[in-house]
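Residue-level structural notes
Each chain, letter by letter, is given below.
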Amino acid sequence: MSYLGIDIGTSSVKTVLFDRDQRLIGQASQPLSVSRPHPGWSEQDPEAWWRAVEGTIDALAREHGLGGLRGIGLSGQMHGAVCLDHDDQVLRPAILWNDGRAQAECAEIEAAFPRAREVAGNIAMPGFTAPKIAWLRKHEPEVYAKIDTVLLPKDYVRFRLTGHHVSEMSDAAGTYWLDVAARDWSDDLLEATGLTRAHMPRLVEGSEPSGELLPELARRWGIGGTVVVAGGAGDNAAAACGMGVVVPGSAFVSIGTSGVLFVSNARFSPNTGGAVHAFCHAIPDTWHQMGVILSASDSLEWLARIAGKQPAELAGAVGEVKAPSEVTFLPYLSGERTPLNDAAARGAFVGMAQTDGPRELTQAVMEGVAYAFADCQRVLADAGTDFASALAVGGGARSETWLRIIASVLDRPLEIAADSDVGAALGAARLAICAADGARPAEVCTAPEILKVVEPDRSLVPLYREGYARYRAVYPALKAVRAEA
């Protein structure tokens, strides 16, 4: 028996094949490109996702055979808007999660339904799906008038696999149409964009069946039996399933291009005042919170470009940290999400001296990103959420120096796991096992083997507490200066 996990990302589609014991059999990926027809816009052709999915599964079928395939799980980039007409034809390119055109529409949705934040559990942001549809209603009325169904990226792929319009709770929570506590569509939020439940896909839990693979596709890939397609998950929830972060209180820190502090919850716990994302998890009766920072390892990449070096070279030169840097860095190079919700925020170095060089600035950048994670930790705590330790993933987790800084700033141990590369695709495959075999998510979505634990440096913890206080003082001061300019 085997199971596919398909992750529809922004830059590529990655498909992995696992056996019932979760041993990796094979993997394949195909790149994707993003179209930017105007500044701040970001679009993709849904047909490109499908061609990439076909290509990766074709490759795995040729190399490994899929005769024993039992289940398929889907993970995907969240928030994207795929608009279908009455004949299920795509009306226009999908507007993606990182598209910023719908800022004005966010305020309009919240004005139309004053309890929007309470029900959706989040601040309306341009990246969410609902503001994009509101933008279409205003700027592309001929497209809006033809909309029969709105699907998320992975759910469009599901439609091509099964012929059904279905979504699941974790991805649907990022549309701004879901009553997140009730795990159901909100008629009031839909009405704020002129839509009804008739425009929405059916909802299932991520670990439940959503349909079966179409017979013509089963024949194409040499599959004899029934193949169940699981509900799946949005990308971060799928990654959490892949890392076993499904038990309430379990957590991970992702130090990728952007940064995520993700904690699993037993209940719906919003904190919109701190720009916390409060979403449904991919498994029943579970929710999660995320603090999101927009420039994590991207901040080090930026410094490396200026210095003419590789990021790993800069990080390696920092060496052992015995005291916080006297330079404070704000990592707001692309604005900031949690806790500021300020797209106009900008980065800064404060406190530089003649003696400061690449090593000092690199340490300041690493600490600034760690302080940004501390901001996320603080507003999660305001919502009643804590965690004893966190798995560390992403490119930045390859730097033990950076992990030691983050662990000391958060005052929490960080765990380094074996095999963290397959992430969201593994989580999708695990959900496929649950859906196809009726297995309990807690038994399938287990924690990985921990290779190493990076403990907080007890001598640095109080010093970083002082450094974090300085960090928090800088943004309001710079914002006041910006307002006067």
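Our structure's up above, just so we're on the same page.
Within each chain, residues carry numbers counting from 1 in the order of the written sequence. Given that the model is predicted, a residue must reach a pLDDT of at least 70 before its local features are reported, and side-chain atom pairs must reach 80 or more before they are shown or counted; all residues, however, enter totals for whole chains, interfaces and linings. Water and hydrogen atoms play no part in the side-chain values, which are based on all heavy atoms of the structure.

Let's talk about the overall build of the protein chain
The following threshold applies: The helix and strand labels rest on DSSP assignments: H or I over at least four residues marks a helix, E over at least two residues marks a strand, and numbering proceeds from the N terminus. Between the two quantities, the radius of gyration covers C-alpha atoms and the globule rule is 2.2 Å times the number of residues to the power 0.38. Accessible area is worked out with a 1.4 Å probe on protein chains only. A residue is then buried under 20% of its type maximum, exposed over 50%, and partly exposed in between. It only takes one pair of heavy atoms within 4.5 Å for two residues to be counted as in contact.
The helix and strand inventory of the protein chain stands at 17 helices and 24 strands. In terms of C-alpha radius of gyration, the protein chain reaches 22 Å, essentially the compact-globule figure of 23 Å for 485 residues. Its C-alpha atoms give the protein chain principal-axis dimensions of about 70 × 50 × 40 Å. Counting all 485 residues of the protein chain, 60% fall into the buried class. In the protein chain, of all internal contacts separated by at least 6 residues, the share reaching a separation of at least 24 is 72%.

A look at the packing of aromatic side chains
Rules: Any two rings among Phe, Tyr and Trp, with Trp reduced to its six-membered ring, count as a pair given centres within 6.5 Å; such a pair is stacked if its planes are under 30 degrees apart, edge-to-face if over 60, and tilted if neither. Both a distance and an angle decide whether a charge sits over a ring: NZ of Lys or CZ of Arg must be within 6 Å of the ring centre and within 35 degrees of the ring normal.
Evaluated as defined, the whole model comprises 14 aromatic pairs. Ring centres of Trp-302 and Phe-349 lie 6.1 Å apart, and the angle between their planes is 25°; on these two criteria the pair is classed as stacked. With Trp-302 in helix α11 (residues 297-307) and Phe-349 in strand β21 (residues 348-350), the pair connects residues that are 47 residues apart, well separated along the chain. For Phe-349, a relative accessible area of 21% corresponds to the partly exposed category. A ring pair is formed by Tyr-332 and Tyr-475, whose centres lie 5.8 Å apart and whose planes are at 90°; its orientation type is edge-to-face. Placement of Tyr-332 in the loop between β20 (328-330) and β21 and of Tyr-475 in helix α17 (residues 461-484) is noted, with a sequence separation of 143 residues between them. Pair check on accessibility: Tyr-332 and Tyr-475 agree, each one buried. By the ring-pair criterion, three or more aromatic residues cluster together here, those being Tyr-332, Tyr-371, Tyr-464, Tyr-468, Tyr-471 and Tyr-475. Seen from the ring of Trp-135, Arg-101 lies directly overhead, with NZ or CZ sitting 4.7 Å from the centre.

Things to note about the pattern of salt bridges
Keep this limit in mind: One side-chain nitrogen of Lys or Arg within 4 Å of one carboxyl oxygen of Asp or Glu is enough to make a salt bridge.
Under the criterion given, the structure shown has 29 salt bridges. Between Arg-197 and Asp-187 there is a salt bridge, with its nearest N and O atoms 2.8 Å apart. One end of the pair, Arg-197, is in the loop between α8 (187-191) and β12 (202-204); the other, Asp-187, is in helix α8, with 10 residues separating them in the sequence. With relative accessibility at 36%, the residue Arg-197 sits in the partly exposed group. Members of the salt-bridge network, linked through shared partners, are Glu-43, Arg-92, Asp-99, Arg-101 and Glu-140.

Some thoughts on the sheet that holds strand β17 (residues 259-265)
Applied cut-off: Strands pair, by our definition, only if DSSP identifies at least two bridges between them. For every element, the axis is a line fit to its C-alpha atoms; helices are fit only across the contacting stretch, and the angle between N-to-C directions ranges from 0 to 180 degrees.
One open sheet holds the 7 strands; their spatial order is β18-β19-β17-β16-β22-β23-β24, and the pairing between them is mixed. The open sheet has two free edges, formed respectively by β18 (277-280) and β24 (450-454), since each of these has just one partner strand. Neighbour-to-neighbour, the strand axes of the sheet open up by a mean angle of 25°, direction not taken into account. Two elements, strand β23 (residues 414-417) and β24, share 4 bridges in a ladder whose sense is antiparallel. In the sheet register, Leu-414 faces β24, and the bridge partner there is Val-454.

So, the pairing of strand β19 (residues 287-293)
Along any regular strand, the residues point their side chains to alternate faces of the sheet. Among the 7 residues of β19, 7 are classified as buried, and the element is accordingly described as predominantly covered. Of the two faces of β19, the one holding Trp-287, Gln-289, Gly-291 and Ile-293 and the one holding His-288, Met-290 and Val-292 are both buried throughout. Sheet topology note: the β17/β19 ladder contains 7 bridges and is antiparallel. Looking across to β19, one finds that Leu-261 is bridged to Gly-291. Pairing of β18 with β19 involves 4 bridges; the strand directions are antiparallel. The residue bridging Cys-280 from the neighbouring strand is Trp-287, located in β19. With antiparallel pairing between neighbouring strands as the criterion, β18 and β19 make up a hairpin whose turn holds 6 residues, including Asp-285 at a positive phi of roughly 55°.

A closer look at helix α12 (residues 311-318)
We apply this condition: In this description, the arc belongs to the directions extending from the helix axis to the C-beta atoms.
Residues of α12 that are buried include every one of Pro-311, Leu-314, Ala-315 and Val-318, and no others. What you see down the axis of α12 is that its buried residues fit within an arc of 95°, all on one side. Exposed positions of α12 whose direction lies more than 90 degrees from the buried face are Ala-312, Gly-316 and Ala-317. Downstream of α12 by one or two residues, Gly-319 has phi in the positive range, about 70°.

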